[in-house]
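Structural characterization, general
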Amino acid sequence: MTANTARARTLFDKIWDAHVIADLGGDGQLLHIDRHILHEASSPQAFQRLRVKGRRPCRPDLTYATIDHIIATTPGRTGATYPGGVEFVSAMRRNCEEFGVTLFDLDDRRQGIVHVVAVELGIALPGCTIACGDSHTSTMGGIGALAWGAGASEVEHVLTTQTIVRRRPASMRVSFKGQPGPAVSAKDLILHLIGTHGAAGGTSHVVEYAGPAIESLSVEGRLTLCNMSVEFGARAGLIAPDDKVVEYFSGLEYAPKGAEWEAATAYWSGLRSEAGARFEQELVLDCEGLTPRVTWGTSPQYVAAVDGRGPAPEHAVGGAEGAAQALDYMGLQPGTPIAEIPIDVVFIGSCTNSRLSDFEAAAAIVTGRKIAPGVRALAVPGSRAVKEAAEAKGLDRVFEAAGFEWREPGCSMCLSMNDDVVAPGARCVSTSNRNFENRQGRGSRTHLASPATAAASAIAGTIADPRRFMAGGGG
């Protein structure tokens, strides 16, 4: 029994304590990892170390791999379509076969972005610990899993031992109060948090999100919110599972069945912070009447209302010097109306916003409309399952009729590791999670936004308020 069990416990306490194998003193604690997820960009080095050391994975049955980062997303693509990814794709196939790891290859119906498929297949489950060589593993906190990114040596360690060594982080609760306004999504909520408290606001913490605005989110919205916990500086994000989560997992391929399902759901019902549980830090965020958000700079903390203006540097979160540098890189002047900024590219996709509900929100905006002349627009599903579900609803035809490119599943234009890149100096409205300098291509300029805002911007040819294009909006 740990010291934490003597008092009211947080959701984080319950999951962490249940997975501690040994206390290593000043070096942290040894934790059991329930699921290990791999992708082709961050795993080759770990597999090669196993090979050199003559070791095998401890629990290959708890390890799953997909191909998503360094691949083309053009229709009809293969592992060789993008030449820069051929070596990585080949290595992933070879490594998974040699070491007995389940691989969701490009022709597998389960292929997709690692953080998308792990949840939609029921590999990631409430109360689990999950490691992956990718910082946005925090996505899976949306279903109540304690999930974090692992470095190359940690990926090897998990493969070898099914454990990881971590120092216990502090806990934080962020309570969202009030009723957001129309067209406000989970993406807008997390951008509002980061824009209010800064990109370092959650540093060294695991953040539990709570409050009526969080409870009203769909499971997919919760995944979006937790995805960007790392952009808040947090180690991970968590949302307590509820009936929506139980319904979501019912019948999924890797979810428990029969008596195991009954036991699992009984366990999940206790995964919530107890009354009186203490957090090292608590924040309350007012989102009453909140309007859609969009970033204007080179950090997720540089956020404005879509119907607002870019601030003067001296009034920006994080200080004047960084804000001035961001405005210079972005080619903007202080006080520029956000809705007057012209754009060149729109990207709807990434592990942040590439699920069915994201494309439904975007399609509601673009139906019966055309993208603006000179704008290139991509719609890239997060998995083959998302793609097929969207096509069954006719969403692919909606996007293509509007002038979008409807793509195969993959990370695509989120990061410049494949052939979907933004040209130097071009401006992109993106539903991804990072707007750093050169993130989408050398010299690219990125504005983070929700799928609805991205879709509206594609139609307008400038950053646009999605409310303009909603029923009765007059757009």
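Structural data are supplied above this passage.
Below or above, wherever it landed, is the structure these notes cover. Worth saying up front: this structure is predicted, and the values here are computed from it rather than measured.

Along the backbone of the protein there are 15 helices and 19 strands. Rg of the C-alpha trace for the protein: 22 Å, near the compact-globule value of 23 Å for 475 residues, within the 12% margin. C-alpha atoms of the protein, sized along the principal axes, occupy 60 × 55 × 45 Å. When the 475 residues of the protein are sorted by exposure, 60% land in the buried category. For the protein, the proportion of contacts with a sequence separation of at least 24, taken over those separated by at least 6, is 75%. Of the roughly 17,100 Å² of accessible surface on the protein, a fraction of 51% belongs to carbon and sulfur atoms.

Here the focus is the packing of aromatic side chains. Taken as a whole, this structure holds 14 aromatic pairs when the rule is applied. Ring geometry for Phe-399 against Trp-406: centres 5.8 Å apart, planes inclined by 10 degrees, an arrangement best described as stacked. When sorted by exposure, Phe-399 lands in the same class as Trp-406, which is buried.

With antiparallel pairing, 3 strands are arranged side by side in an open sheet as 1-2-8. Looking at strand neighbours, the two that pair on one side only are strand 1 (20-23) and strand 8 (163-166), the edges of this open sheet. Each adjacent strand pair in this sheet contributes to an overall mean axis angle of 25 degrees, direction not counted. Strand direction decides the pairing type here: strand 2 (residues 29-32) and strand 8, joined by 4 bridges, are antiparallel. Counterpart to Gln-29 in the pairing with strand 8 is Arg-166. In this fold helix 5 (residues 152-161) packs onto strand 2 and strand 8, with an angle of close to 135 degrees to the strand it touches most, strand 8.

Further remarks concern the pattern of salt bridges. Applying the stated criterion across every chain yields a total of 26 salt bridges. For the salt bridge of Asp-307 with Arg-467, the shortest nitrogen-to-oxygen distance reads 3.1 Å. Here Asp-307 is found in the loop between strand 14 (303-305) and helix 11 (320-330), whereas its partner Arg-467 is found in the segment after helix 15 (451-460), with 160 residues between them in sequence. With relative accessibility at 48%, the residue Asp-307 sits in the partly exposed group. By sharing partners, the salt bridges in this structure join Arg-7, Arg-9, Asp-13, Asp-17 and Arg-168 into a single network.

What follows covers helix 5. All buried positions along helix 5 are accounted for by Val-155, Glu-156, Val-158 and Leu-159. Buried residues in helix 5, looked at end-on, bunch into an arc of 165 degrees, giving them a common side. One or two steps after helix 5, the chain reaches Gln-162, where phi turns positive at roughly 60 degrees.

As a packed pair, helix 12 (residues 356-366) and helix 14 (residues 395-402) sit with axes 10 Å apart at the nearest point and diverge in direction by 45 degrees. Classified by the angle between their axes, helix 12 and helix 14 sit oblique to one another. In this structure, helix 12 meets helix 14 at a crossing whose hand is left-handed. Between helix 12 and helix 14, the residues in contact are Leu-356, Phe-359, Glu-360, Ala-362, Ala-363 and Val-366 and Leu-395, Val-398, Phe-399 and Ala-402, respectively. Considering only residue class, the contact of helix 12 with helix 14 consists of 9 nonpolar, no polar and 1 charged.

What follows deals with the sheet that holds strand 18 (residues 427-430). Sheet architecture is open: 5 strands sit in the order 17-16-15-18-19, paired in parallel fashion. Of all strands in the sheet, those bounded by a partner on one side alone are strand 17 (405-406) and strand 19 (445-448). Where strand 16 (residues 376-379) and strand 17 come together, 2 bridges link them in parallel fashion. Bridge pairing in strand 17 places Ala-379 opposite Trp-406.

We now examine the state of the cysteines. Under the counting rule described, the total for this entry stands at 0 disulfides. The thiol of Cys-414 is unpaired, and the distance to the nearest cysteine sulfur, on Cys-351, comes to 5.9 Å.

Conventions adopted
Each chain carries its own residue numbering, running from 1 in the written order of its sequence. Predicted model: local features are reported for residues with pLDDT of at least 70 only, side-chain atom pairs are reported and counted for 80 or more only, and whole-chain, interface and lining totals are derived from all residues. As a rule here, side-chain values come from all non-hydrogen atoms in the structure, and water together with hydrogens is ignored. Starting at the N terminus, helices and strands are each numbered in turn, a helix being any DSSP run of H or I of at least four residues and a strand any DSSP run of E of at least two. Values of the radius of gyration come from C-alpha atoms, whereas the globule rule sets the reference at 2.2 Å times the count of residues to the power 0.38. Categorising residues by exposure relies on relative accessible area from a 1.4 Å probe, with only protein chains included: less than 20% of the type maximum marks a residue as buried, more than 50% marks it as exposed, and the intermediate range marks it as partly exposed. Whether two residues touch is decided by their heavy atoms; if any such pair falls within 4.5 Å, the residues are in contact. Only the protein chains shown count as cover for residues, and the accessible areas themselves come from Shrake-Rupley with a 1.4 Å probe. Here the aromatic set is Phe, Tyr and Trp, taking the six-membered ring for Trp, and pairing holds for ring centres within 6.5 Å; pairs whose planes are under 30 degrees apart are stacked, those over 60 apart are edge-to-face, and all others are tilted. At least two bridges found by DSSP between two strands are what make those strands a pair. For helices, the fitted line uses only the C-alpha atoms of the stretch in contact; every axis is such a line through C-alpha atoms, and the angle between N-to-C directions lies from 0 to 180 degrees. Salt bridges are identified by distance alone: a Lys or Arg side-chain nitrogen within 4 Å of an Asp or Glu carboxyl oxygen. Note: the arc covers the axis-to-C-beta directions of the helix. Here the word oblique covers every angle except those under 35 degrees (roughly parallel), over 145 (roughly antiparallel) and from 65 to 115 (roughly perpendicular). For any pair of crossing helices, the crossing counts as left-handed if the nearer helix is rotated counterclockwise from the farther one by less than a right angle, and right-handed if it is rotated clockwise. In this classification, Asp, Glu, Lys and Arg are treated as charged, Ala, Val, Leu, Ile, Met, Phe, Trp, Tyr, Cys and Pro as nonpolar, and every other residue, Gly included, as polar. Pairs of cysteine sulfur atoms within 2.5 Å are identified as disulfides in what follows.

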